[in-house]
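# Examining the three-dimensional arrangement
The lines below spell out each chain.
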Protein chains: 6
Amino acid sequence: MRILVVNVNTTASITESIGEQAAGAASPGTEIVPLTPVFGAESVEGNYESYLAAIAVMETVRAHREPFDAIIQAGYGEHGREGLQELFDVPVVDITEAAASTAQFLGRSYSVVTTLDRTVPLIEDRIAAAGLSARCASVRASGMAVLDLERDPQAAVDAIADEAARAVQDDRAEVICLGCGGMSGLTERVVERTGVPVVDGVTAAVTIAESLVRLGLTTSKVRTYAPPRPKRIANWPPQR
Amino acid sequence: MRILVVNVNTTASITESIGEQAAGAASPGTEIVPLTPVFGAESVEGNYESYLAAIAVMETVRAHREPFDAIIQAGYGEHGREGLQELFDVPVVDITEAAASTAQFLGRSYSVVTTLDRTVPLIEDRIAAAGLSARCASVRASGMAVLDLERDPQAAVDAIADEAARAVQDDRAEVICLGCGGMSGLTERVVERTGVPVVDGVTAAVTIAESLVRLGLTTSKVRTYAPPRPKRIANWPPQR
Amino acid sequence: MRILVVNVNTTASITESIGEQAAGAASPGTEIVPLTPVFGAESVEGNYESYLAAIAVMETVRAHREPFDAIIQAGYGEHGREGLQELFDVPVVDITEAAASTAQFLGRSYSVVTTLDRTVPLIEDRIAAAGLSARCASVRASGMAVLDLERDPQAAVDAIADEAARAVQDDRAEVICLGCGGMSGLTERVVERTGVPVVDGVTAAVTIAESLVRLGLTTSKVRTYAPPRPKRIANWPPQR
Amino acid sequence: MRILVVNVNTTASITESIGEQAAGAASPGTEIVPLTPVFGAESVEGNYESYLAAIAVMETVRAHREPFDAIIQAGYGEHGREGLQELFDVPVVDITEAAASTAQFLGRSYSVVTTLDRTVPLIEDRIAAAGLSARCASVRASGMAVLDLERDPQAAVDAIADEAARAVQDDRAEVICLGCGGMSGLTERVVERTGVPVVDGVTAAVTIAESLVRLGLTTSKVRTYAPPRPKRIANWPPQR
Amino acid sequence: MRILVVNVNTTASITESIGEQAAGAASPGTEIVPLTPVFGAESVEGNYESYLAAIAVMETVRAHREPFDAIIQAGYGEHGREGLQELFDVPVVDITEAAASTAQFLGRSYSVVTTLDRTVPLIEDRIAAAGLSARCASVRASGMAVLDLERDPQAAVDAIADEAARAVQDDRAEVICLGCGGMSGLTERVVERTGVPVVDGVTAAVTIAESLVRLGLTTSKVRTYAPPRPKRIANWPPQR
Amino acid sequence: MRILVVNVNTTASITESIGEQAAGAASPGTEIVPLTPVFGAESVEGNYESYLAAIAVMETVRAHREPFDAIIQAGYGEHGREGLQELFDVPVVDITEAAASTAQFLGRSYSVVTTLDRTVPLIEDRIAAAGLSARCASVRASGMAVLDLERDPQAAVDAIADEAARAVQDDRAEVICLGCGGMSGLTERVVERTGVPVVDGVTAAVTIAESLVRLGLTTSKVRTYAPPRPKRIANWPPQR
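All values reported here derive from a predicted model rather than from experimental measurement.

Residues and elements named next belong to chain A. When the domains of chain A are assigned, the result is domain 1 (2-95 + 203-214) and domain 2 (97-200). Placing the centre of domain 1 and that of domain 2 at their C-alpha centroids yields a distance of 20 Å. Each partner contributes residues to the interface: domain 1 has 24 residues there, and domain 2 has 23 residues. Approximately 1,900 Å² of surface area, both sides summed, lies buried where domain 1 meets domain 2, with 51% of it carried by carbon and sulfur atoms. For the domain 1 face of the interface with domain 2, the top three residues by lost area are Glu45, Tyr76 and Gly77, together amounting to 34%. Along the contact surface separating domain 1 from domain 2 lie two salt bridges. The residue Arg81 makes a salt bridge to Glu97 at a minimum N-O spacing of 2.8 Å. Linking domain 1 with domain 2 are twelve residue pairs in polar contact (both at pLDDT 80 or more), by the criterion used here.

See below:
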């Protein structure tokens with residue numbers, strides 16, 4: 001099977017890193033196709049950028065010429081998953097939801113540790129929209145921006161592990177979801193620091209997408225995610 | 001004061017009708033500036049179209065060269081309000097939220113009557129995102145598409161009035177919010193049929209936007225709606 | 001239009017100050033009529049006093065001989081709004097609800113800062129009764145009694161600004177509602193200390209009442225706020 | 001021990017009937033003191049009347065010259081319990097809450113069947129204020145006014161039993177709370193019609209009040225129900 | 001009347017102490033029958049032990065040869081109450097629910113103070129299952145194991161009183177429920193330390209069970225607690 | 001990897017059928033080990049039987065002598081998953097939760113269709129305990145007992161498909177979870193009748209268990225699911 005893993009920002013090195021992470025979790029016989037959106041912010045850290053990414057991801061998948069069996073939207077706390085579900089029949093898995101859903105099988109409550117304080121509300125809203133708030137103990141920010149993670153990985157890893165430890169101690173989280181990109185060694189460090197299972201959204205999403213495909217399940221088209229009605233779309237997509 | 005009233009779809013006649021409705025509710029001294037988005041669907045009735053509209057509305061306001069004091073996003077159950085709040089300091093009022101917020105002052109619970117069944121979840125999600133679900137008795141669809149409203153206004157008015165009556169009788173709504181565009185005579189017909197107050201989102205939004213401006217209030221910039229951080233946006237906006 | 005602004009306590013100087021605040025927010029052509037209840041506590045800070053005020057406010061408005069277009073109940077976290085809605089057809093606006101409803105247009109969450117710890121539950125209950133809890137981050141008390149506000153305004157302003165800052169920092173509030181009377185300079189000081197928008201209930205209520213009147217909207221009479229059924233009321237109102 | 005059972009309306013025959021019901025449930029050694037409020041509506045069926053009753057009940061108990069061990073507020077869905085808790089140290093039991101709390105020990109969910117449709121929201125709000133909504137399946141109205149119950153008891157009993165049967169069948173209630181006065185034969189008829197346990201608020205309240213007194217428990221005075229602060233109350237209570 | 005009070009663990013001295021506590025709260029004419037389960041853990045402090053206790057309690061009551069009028073399950077935060085309700089017609093009262101339900105009549109919110117941190121989620125889940133979460137301010141652990149309470153009562157009393165004080169101060173609890181066994185002097189010490197009413201589950205349960213019996217109320221058999229259908233149970237109960 | 005799939009009832013033919021269903025969904029290299037509990041009801045349809053099954057499943061797995069990588073509890077709406085999580089480190093997947101969690105990736109809301117009316121509350125409680133209620137549109141019963149499904153499969157299939165259609169139409173479900181055993185042709189028939197995706201709990205659980213194992217994730221042991229403390233367990237397990 002072939003799974004598209006679509007980055008939400010336009011930094012190619014992040015796409016590459018997400019792609020590797022996804023491939024590492026894939027079963028034999030699964031092909032991971034990492035995609036970078038055709039337009040948008042180099043890193044997505046707020047509503048405007050996330051709405052832009054939502055459309056960019058949809059257009060990028062629409063422009064993809066090869067067949068595929070599932071789509072993973074690989075951004076934390078992003079808008080847009082509902083649009084992908086309308087446009088395509090194959091399963092669509094958002095990594096924020098994949099992580100939360102997986103975490104719920106491992107402990108009574110989970111916390112998400114993310115980058116900047118301003119992305120906390122976006123993640124909370126995405127979790128709420130997916131009906132996964134009841135067991136969410138907290139969403140916490142480490143204060144590191146997305147691109148800081150690439151610039152000073154060691155400081156980022158420490159800040160994130162500290163915040164995760166606070167979630168376990170103060171918010172009574174029993175599982176941690178990592179709401180930020182694939183730094184080497186991050187998961188191990190947080191497990192070591194907190195003693196709780198740590199879920200990464202990209203790898204969780206790969207196993208969920210594979211499972212849905214293997215079970216022959218596709219998006220319900222009966223109401224919310226029915227295909228768009230045929231109509232005139234003015235000035236879109238832009239000519240390039 | 002000058003208030004931008006931005007249509008979410010690209011049908012100019014609807015922009016015109018919304019503009020007239022808004023102007024009718026404005027105080028002396030308020031200038032209403034109706035805008036049609038620079039790209040997008042002729043009518044917005046689902047997630048893909050709504051995400052596209054979200055970005056189109058933001059870009060349309062960004063491209064506006066005159067100063068303004070408030071923004072009204074004039075679509076029912078649409079994505080995007082949070083992005084406008086990030087990009088601009090002036091108050092942003094979504095008409096779905098304006099209607100619900102106004103209805104809550106008039107009765108113990110309210111229902112929304114909208115067009116197609118598929119837009120019901122979008123409206124429910126918008127109301128939830130705004131924290132206005134607790135007094136929402138129901139969101140009901142009349143089965144009429146947006147463009148049907150223009151094509152056969154009398155049938156539309158009847159279908160909507162019937163659905164409103166069901167909301168009052170079966171869901172115990174005490175106020176009706178009209179989740180669809182400005183047809184002449186619609187409000188009167190629904191009041192007559194149900195005996196309850198009927199709130200129109202566009203006119204409610206105009207009075208709220210004026211109130212916020214008069215009170216000197218602007219969007220909080222402390223966290224969720226802080227301005228986007230400076231960064232590179234690739235291939236955007238599209239060249240035209 | 002003429003708006004009654006009814007104080008909940010019997011201290012005339014507070015009525016006067018509320019009246020001035022309201023008049024300052026009113027549009028040209030709006031007449032503000034401040035009223036002091038005919039009986040009750042000099043300041044309302046608990047359930048017994050608030051229930052007494054509820055009835056006193058209703059009787060005061062019933063005894064008012066001039067026509068009016070809207071009623072504002074100018075007390076924070078008080079009982080009684082539902083009774084006024086039954087007795088009269090014109091819109092009734094409670095200032096606790098007006099502030100919360102306004103705050104929700106400005107930020108993702110709001111906190112209320114009030115006087116005494118004992119009034120916190122009353123405010124929480126009023127907000128819940130109005131369906132406005134979902135975006136309420138906290139209700140906090142400054143520890144200053146209502147009459148302290150008049151006696152040592154500077155200490156009061158400082159205590160309130162400190163509590164507001166804690167709400168923004170610890171409870172992640174993005175807007176502050178002031179749940180206490182009109183001290184000069186209070187709003188400015190809290191804005192300065194917290195950097196977030198500050199909403200005053202009285203002025204918010206004036207703009208909402210004006211808006212409802214302008215839109216021709218009145219209280220729904222279909223169920224909860226239907227007029228009292230004709231019946232014998234023993235020994236009431238008291239002879240004076 | 002001596003328990004005050006305070007009617008909320010001024011119809012003495014209802015006080016008498018409530019008193020008899022209460023006495024029938026009391027333990028040996030418990031004295032039931034039925035009281036009629038000193039002012040107010042002959043029957044309480046809405047917010048204005050209920051707020052009036054709230055104050056009338058408080059003043060009636062304040063004027064009571066004999067010692068007592070507990071207070072029962074014997075009205076369904078009424079305002080005021082919180083004020084009684086402030087004014088007195090002894091336990092205060094509201095019959096709506098007593099019935100709901102008792103019902104929860106007997107089945108997974110309960111419904112309340114009351115008189116008029118307009119009192120449904122009052123009961124819902126009282127249940128919510130007491131934190132007892134989670135297991136409330138529905139509040140339903142039989143359409144009979146309070147005084148109808150006295151005028152045509154047989155028709156009332158039938159209408160109520162029918163509504164109770166609907167609650168069990170359609171709302172999946174497993175217990176019925178009777179939200180209306182003590183008609184002879186009512187409980188038996190509803191049990192027979194529905195096959196589920198039927199809880200009467202007055203008798204439930206008597207056993208709860210007795211239990212609290214026997215356990216030596218009194219109202220918490222630490223915050224919400226602290227005694228009113230000493231202050232000037234203007235023109236109250238009225239001279240008679 | 002005769003009430004079975006069933007311990008959840010197999011330590012006979014605890015059964016004895018619970019029995020004495022229950023007898024102290026019983027009315028004249030009520031016989032308390034304390035029972036120790038026929039198998040299970042010496043102290044119950046987690047899910048496995050609690051599920052085992054659930055079945056052990058049911059089998060112990062099934063094996064009881066004398067008639068009885070009510071059953072009290074005397075463990076804090078335990079599984080199993082629903083099974084007892086299926087097997088027997090008489091009222092079943094869980095002490096966690098009895099304490100919470102009683103506390104709600106005394107203050108606006110309550111906290112539970114229990115033994116080990118690991119039992120906190122069990123108590124939270126039991127409270128939620130009973131629909132009593134809305135007014136629960138917190139469940140807090142003192143860190144003392146069940147058997148520690150017997151070994152060093154004074155240290156236990158101090159640890160519990162400290163935790164109760166934190167619940168009142170930090171979580172705004174107005175009543176404390178003691179979620180741990182009957183140590184002499186515990187209740188007095190917590191009242192003294194916190195100034196709020198303290199509810200003990202066993203004594204609260206006795207008064208509730210007595211009340212239900214006196215009112216002639218029994219478990220609803222209409223759906224959730226209908227008797228088990230006749231069927232083959234393999235290898236159960238075990239031969240002894 | 002080796003996954004234990006534990007039936008909750010003692011009917012061996014059901015264990016066999018569950019085992020085949022599970023094996024059909026397993027990846028190459030996964031060994032499915034179906035187990036029948038060592039004691040308990042031939043079919044589990046209520047609280048007593050389910051509590052008995054909870055313990056029987058735990059004891060059955062404890063007695064299992066081969067190593068294993070994950071446990072699936074294959075009963076709908078059953079007690080006990082929390083106990084398994086305490087006793088073992090490997091992931092534990094309950095089929096009710098597996099189905100719900102999977103359904104949430106396919107549509108905005110899901111309904112469960114089960115056997116008897118009396119099991120509806122058990123399923124609702126299991127879904128609530130797992131934090132998966134927010135997107136649950138309804139739990140509906142077909143009226144067929146577990147063993148009826150084996151006796152008259154065609155009638156069962158029809159009854160279930162009809163109920164599923166009602167969930168889609170009346171409760172607005174977009175996905176159906178089948179809360180009953182593996183009848184041949186059931187899934188196909190319900191898909192055909194409703195047009196929405198249909199999720200089977202056993203197969204969903206297999207893919208989730210495999211995913212957790214592949215990702216190296218195990219149950220959090222930090223609080224709720226910490227191993228039982230060492231202590232004396234009297235008279236257990238029973239000698240056979």
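Once you've had a look at it, read on.
Residues and elements named next belong to chain A. Where helix α1 (residues 12-25) contacts helix α9 (residues 201-214), the two axes come as close as 8 Å, and the packing angle between them is 45°. Classified by the interaxial angle, the pair formed by α1 and α9 is oblique. For the pair α1 and α9, the crossing hand works out as right-handed. Counting all contacts with α1, which are made through Ile18, Gln21, Ala22 and Ala25, the residues of α9 involved are Val202, Thr203, Val206 and Thr207. Of the residues in the contact of α1 with α9, the class split is five nonpolar, three polar and no charged.

Let us look at the sheet that holds strand β4 (residues 70-74) of chain A. Residue and element names in this part refer to chain A. If you trace the four strands from one edge of the open sheet to the other, you get β2-β1-β4-β5, paired in parallel fashion. Of all strands in the sheet, those with a lone pairing partner are β2 (31-35) and β5 (92-94), marking the two edges. Ignoring which end each strand starts from, the neighbouring axes of this sheet average 20° apart. As defined by bridge partners, β4 adjoins β5 across three bridges and the pair is classed as parallel. Counted as the bridge partner of Ile71 is Val92 from β5. Contacts from α1 reach β1 (2-7), β2 and β4 within the one sheet, and its direction differs from that of β2 by about 165°. Running at roughly 145° to β1, helix α2 (residues 47-62) makes contact with β1, β2 and β4 of the sheet.

Looking now at the side chain of Ser101(B). Its location among the elements puts Ser101(B) in helix α4 (residues 95-103). What makes Ser101(B) buried here is its relative accessible area of 4%. Beyond its immediate stretch of four places on either side in the chain, Ser101(B) contacts Leu132(B), Ser101(C) and Phe105(C).

So, about helix α5 (residues 120-129) of chain D. When we look at burial in α5(D), the residues that qualify are Val120(D), Pro121(D), Leu122(D), Ile123(D), Arg126(D) and Ile127(D). Backbone geometry just downstream of α5(D) places Gly131(D) in the positive-phi region, at approximately 70°.

With that settled, consider the arrangement of the chains. The two units chain A and chain D remain apart, with a minimum C-alpha distance of 15 Å. What separates chain B from chain E at the closest point of their C-alpha atoms is a distance of 15 Å, and the two make no contact.

Because each turn of an α-helix spans 3.6 residues, side chains separated by three or four positions in sequence point in the same direction. Residues and elements named next belong to chain E. Relative to the 26 Å expected for 18 residues at 1.5 Å per residue, helix α7 (residues 153-170) spans 25 Å between its end C-alpha atoms, a close match to the ideal helical length. Taken as a whole, α7 has its buried residues at Ala156, Val157, Ala159, Ile160, Ala161, Glu163, Ala164, Ala165, Ala167 and Val168. As for α7, its buried residues are in contact with β6 (110-114), β7 (136-141), α6 (146-151), β8 (175-179) and α8 (186-194). Directly after α7, the chain includes Arg172, whose backbone phi takes a positive value near 65°.

The transformation that overlays chain B on chain A combines an axial shift of 0.0 Å with a rotation of 180°, and the residual RMSD is 0.0 Å. A rotation of that kind, with that shift, is consistent with a two-fold axis. When C-alpha positions in chain B are compared against the rotation axis, the closest is assigned to Pro238(B), at 3.0 Å.

About the criteria used
Residues numbered from 1 in each chain as written. Chains lettered and ligands numbered in written order. Predicted model: local features only at pLDDT ≥ 70, side-chain atom pairs only at ≥ 80, totals over all residues. Heavy atoms only, no water. Domains from an automatic or database assignment. Contact = heavy atoms within 4.5 Å. Buried area = accessible area lost by both parts, 1.4 Å probe. Salt bridge = Lys/Arg side-chain N within 4 Å of Asp/Glu carboxyl O. Polar contact = N/O pair within 3.5 Å; in protein donor to acceptor, adjacent residues only side chain to side chain. Axes fitted to C-alpha atoms, helices over the stretch in contact; angles between N-to-C directions. Helix = DSSP H or I, 4+ residues; strand = E, 2+ residues; numbered from the N terminus. Parallel < 35°, antiparallel > 145°, perpendicular 65-115°, else oblique. Left-handed = near helix turned anticlockwise from the far one by under 90°. Nonpolar A, V, L, I, M, F, W, Y, C, P; charged D, E, K, R; others polar. Pairing = 2+ DSSP bridges. Buried < 20%, exposed > 50% of the residue type's maximum accessible area, 1.4 Å probe, protein only. Expected span 1.5 Å × (residues − 1). Least-squares fit on C-alpha atoms with pLDDT ≥ 70 in both.

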